[in-house]
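A look at the structure
Listed here are the chains, written in short residue letters.
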Amino acid sequence: MTETQFLSQVLDLAALTGWSAAHFRPALTARGWRTPVQGNLGAGFPDLVLAHPTRRRLLFVELKSDVGKLSPGQADVLACLAAAGATTHVWRPRDFDAIAEILR
């Protein structure tokens, strides 16, 4: 399963279980694929931000294939967010049952 397919699967499950989601997609520019952001958390920002207002929960999630690895920038951003008190996750397709439990 590709990360794009996995992203669709997670977004569908999130919607079914009452979560709001944000995913920032890159765009093709004259200099290649870029995701326009500002600030020092931009490079490596997690793939998904999930919010559940009635449960008062906010998640920052990096999605990877079953063999994908975090870049140093991704690991740094997740560590920074976690140190600030945020709930962070790295999710892979093989973890889907556990993901479903978290989102229920």
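The text that follows walks through the structure, step by step, so that each part is easy to find. As the structure is a prediction and not an experimental result, all values here were calculated from the model.

Of the regular secondary structure elements, the protein chain holds three helices and six strands. Secondary structure of the protein chain in N-to-C order comes out as α-β-β-β-β-β-α-β-α. Since a compact globule built from 104 residues should have a radius of gyration of about 13 Å, the 14 Å found for the protein chain is in line with a globular shape. If you line up the protein chain on its principal axes, its C-alpha atoms span 40 × 30 × 25 Å. A burial count over the protein chain gives 33% of its 104 residues as buried. Long-range pairs, those at least 24 residues apart, make up 64% of the contacts in the protein chain with a sequence separation of at least 6. About 6,600 Å² of surface is accessible on the protein chain, with carbon and sulfur atoms providing 56% of the total. Side-chain charges of the protein chain comprise 11 positive and 9 negative groups, with the mean position of each set lying 5 Å from the other.

Turning to the sheet that holds strand S4 (residues 48-52), a few remarks are in order. A sheet is described by the order of its strands in space; here four strands give the open sequence S1-S4-S5-S6, paired in mixed fashion. The open sheet is flanked by strand S1 (20-22) and strand S6 (87-91), the only strands paired with a single partner. Across the sheet, the axes of successive neighbouring strands diverge by a mean angle of 25°, strand direction being ignored. Two strands pair when backbone bridges link them, and S1 and S4 are joined in this way by three bridges, in the antiparallel orientation. Bridging across to S4, Ser20 finds its partner in Ala51. Contacts between helix H3 (residues 96-103) and the sheet are confined to S4, strand S5 (57-63) and S6, with S6 contributing the most and set at about 155° to the helix.

With the rule as written, the count across this model stands at two aromatic pairs. Aromatic rings pair up to connect Phe24, Phe45 and Phe60 into one cluster.

Conventions and cut-offs
- The numbering scheme is per chain: residues are counted from 1 as the chain's sequence reads.
- It should be noted that, the model being predicted, local features are given only for residues of pLDDT at least 70 and side-chain atom pairs only at 80 or more, the latter also being counted only at that level, while totals for whole chains, interfaces and linings use all residues.
- Each side-chain value is derived from all of the structure's non-hydrogen atoms; neither hydrogens nor water enter the calculation.
- Every helix listed is a DSSP run of H or I at least four residues long, and every strand listed is a run of E at least two residues long, numbered separately from the N terminus.
- Atoms counted for the radius of gyration: C-alpha only. Globule rule: 2.2 Å times residue count to the power 0.38.
- Accessible area is worked out with a 1.4 Å probe on protein chains only. A residue is then buried under 20% of its type maximum, exposed over 50%, and partly exposed in between.
- Every residue pair with non-hydrogen atoms within 4.5 Å of one another is taken to be in contact.
- For accessible areas, the Shrake-Rupley method is used with a probe of radius 1.4 Å. Any residue's cover is judged against the shown protein chains and nothing else.
- In this tally, Asp and Glu contribute negative charge and Lys and Arg positive charge; neither His nor the terminal groups of the chain are included.
- Lysine's charge is taken at NZ, arginine's at CZ, aspartate's at CG and glutamate's at CD.
- Two strands are said to pair when DSSP picks up at least two bridges between them.
- Here an angle of 0 to 180 degrees is reported between the N-to-C directions of two axes, which are lines fitted to C-alpha atoms, with helices fitted over the stretch in contact.
- Note on ring pairs: Phe, Tyr and Trp rings are taken, using the six-membered ring of Trp, and paired if centres are within 6.5 Å. Classes follow the plane angle, with under 30 degrees stacked, over 60 edge-to-face and the rest tilted.

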